[in-house]
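Structural description and commentary
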Amino acid sequence: MIGTFRRFLENAAGKAGSFLNGKFSGKTPLVKTLRLSGPGLGTTGYEHMTRCFIRALAAQGVKLELHCLLSWSSTRLPPESLADFKKLNHRRVQTRFHLHFCLPQQVKPSAGCRNINYTMFEATRLSQLWTEHSLKRDLIIVPTESSRRCWLNSGMPEHKVKVCPLGVDFSQFNPQVKPMAVPVSNGKPFDQFRFRFLNVSDFGGRKNIGGLLRAWLAATDKTDDAVFILKTNLNTPQKREKFQNHLHNAEEQAGKRFADAAPFMLLEKSLLPEEMPNLFAAATHYWSVSHGEGFDLPMFEAAATGLQLVAPDHSAYQDYLRPEFAHLIPAREVPAHIDDTPQLLSFFAGANWWQPDETAVVETLRGLIRGSISSKPSARPALMPKYTWENAAKRLQEILAEGPQ
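Quantities reported herein were computed from a predicted structural model and do not represent experimental measurements.

Our focus in this paragraph is the confidence of the model for the protein. Across the protein, the average pLDDT comes to 89, with 91% of residues at or above 70. Confidence drops under a pLDDT of 50 for residues 1–26, and excluding neighbours within four residues, the segment shows 58 contacts in the predicted structure.

Structure representation (structure tokens):
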């Protein structure tokens, strides 16, 4: 299942991409060499996370032997978006560390190395499968306290679970980025709406897409100066059918048609990583009604862009969002219910996740649009000192260096 980045990158066209202008930090790293496996060639959030860690570790002087889970994503980035990885891959290094960015059961351990799994989960406890595989690893690293509690609740010894937060590139995601030209809605250009709400999610039950649609219908009228863009992937007939069911069910439950609400737009176009900051810059608000998050990088990227934030008060959000700069929605713990695939159902069996209070979501949206709820200060100044990829890579090295060399 594991192949090297080299197999892909040696055939990549074009010159190596600019990475910190081709200059790498001269600082002596805490961990000099590292074997790293993980998804990195596609467009999913997990792959984006892996690439960001790789680039930050390399910039700090760590020599990396890179491997890739080629089967992780069906959508690949173009070669020019990955060209710099050819420079970063040292092909074969002598190391005591093998870091795996993947699900616990996907780890293929290396003999003679400490095998460390960087992973996360979005509920209160692990399945038996994940627990069994996690107990075999030398160390589990997770991005938030909610994931750490999940592993501890499932029987992992406390000394074998460490927290290393993720980061964001504050130079890419910032309020000065040029907004993306989004297609018009109902004949009115997107940027002429006063309130522009965005959500970026993989299409699945945990993201609570149905809840987003119900709340938008209930909160808005067609006279509101507001628009909602949902960026998601409907790349199979089954997903398209399920999304249409979500639309129909939302109208039935709200007793209202989408034609009578503020405009809703579906954005299915696949975007390159370098295009995402422009999408965020086109919005004024970012919102989520997710049932649980391991981190939620899009929410974090929205915060870096300076958008108004609306999020449930649960799981990973509690690590980095505060009521001073985010509109937090009450949520209650409920049994997790996944109807996407049998595999996901088995992962969440016996666990709880969180149900956001939809009445509170509706009241918050309506209040923001109609002026009864004031805007909050940007979260960017509060988050920028801590949550960078440079800091994430440093913290990761510190955790590895704590163990035997």
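Moving on from the coordinates now.
Attention shifts here to helix 9 (residues 297–305). Most of helix 9 sits out of view: 9 of its 9 residues are buried. When helix 9 is considered as a whole, its buried residues turn out to be Leu-297, Pro-298, Met-299, Phe-300, Glu-301, Ala-302, Ala-303, Ala-304 and Thr-305. With its phi angle positive at about 90°, Gly-306 sits one or two positions after the end of helix 9.

The next thing to look at is the pairing of strand 3 (residues 63–69). Counting buried positions along strand 3 yields 6 of 7 residues, so the element is predominantly enclosed. At this point the chain moves from strand 2 (residues 33–38), through helix 2 (residues 45–59), to the parallel strand 3, and the crossover so formed is right-handed.

Let us now look at the pattern of salt bridges. Counting across every chain of the model gives 18 salt bridges. Lys-188 is the salt-bridge partner of Asp-225, the closest N and O atoms lying 2.9 Å from each other. With a gap of 37 residues between them, Asp-225 in the loop between helix 6 (209–219) and strand 9 (226–231) and Lys-188 in the loop between strand 7 (161–163) and strand 8 (195–200) connect regions that are remote in the sequence. Its salt-bridge partner being Arg-206, residue Glu-293 comes within 3.2 Å of it at the nearest N-O pair. Here the residue Glu-293 occupies a position in the loop between strand 11 (285–287) and helix 9, and Arg-206 occupies one in the loop between strand 8 and helix 6, the gap between them amounting to 87 residues. One exposure class covers both Glu-293 and Arg-206, and it is buried. In the salt-bridge network here, residues are joined through shared partners; they are Glu-122, Arg-206, Lys-207 and Glu-293.

To continue, consider the side chain of Asn-89. When you line up the elements, Asn-89 lands in the loop between helix 3 (85–88) and strand 4 (97–101). Looking at Asn-89, its side chain comes within polar contact range of the main-chain nitrogen of Leu-66, at 3.1 Å.

As a further point, take the packing of aromatic side chains. The relative placement of two aromatic rings is captured by the distance of their centres and the angle of their planes. This structure, assessed with the given rule, holds 26 aromatic pairs. Here the aromatic cluster, defined as three or more aromatic residues joined through ring pairs, consists of Phe-197, Phe-203, Trp-216, Phe-228, Phe-243, Phe-258, Phe-264 and Trp-287. Note that Lys-188 overlies the ring of Phe-193, its terminal NZ or CZ placed 4.4 Å from the centroid.

Our focus in this paragraph is the sheet that holds strand 8. Each strand in a sheet pairs with another by means of backbone hydrogen bonds, the pair being arranged parallel or else antiparallel. Judged by pairing direction, the sheet is parallel, and its 6 strands sit side by side in the order 10-9-8-11-12-13 without closing on themselves. Each edge of the sheet is formed by a strand with only one pairing partner; in this case those strands are strand 10 (264–267) and strand 13 (327–329). Taken pair by pair, the neighbouring strands of this sheet meet at an average axis angle of 20°, ignoring direction. Where strand 12 (residues 308–312) lies against strand 13, 3 bridges are found, and the strand directions are parallel. Along strand 13, the bridge assignment pairs Val-310 with His-327. Here helix 6 sits on the sheet in contact with strand 8, strand 9, strand 10 and strand 11, set at roughly 170° to strand 9.

Procedures and definitions
Residues numbered from 1 in each chain as written. Predicted model: local features only at pLDDT ≥ 70, side-chain atom pairs only at ≥ 80, totals over all residues. Heavy atoms only, no water. pLDDT = per-residue confidence, 0-100. Contact = heavy atoms within 4.5 Å. Buried < 20%, exposed > 50% of the residue type's maximum accessible area, 1.4 Å probe, protein only. Helix = DSSP H or I, 4+ residues; strand = E, 2+ residues; numbered from the N terminus. Right-handed = clockwise from strand over helix to strand, strands pointing away. Salt bridge = Lys/Arg side-chain N within 4 Å of Asp/Glu carboxyl O. Polar contact = N/O pair within 3.5 Å; in protein donor to acceptor, adjacent residues only side chain to side chain. Phe/Tyr/Trp six-rings, centres within 6.5 Å; stacked < 30°, edge-to-face > 60°. Lys NZ or Arg CZ within 6 Å of the ring centre and 35° of its normal. Pairing = 2+ DSSP bridges. Axes fitted to C-alpha atoms, helices over the stretch in contact; angles between N-to-C directions.

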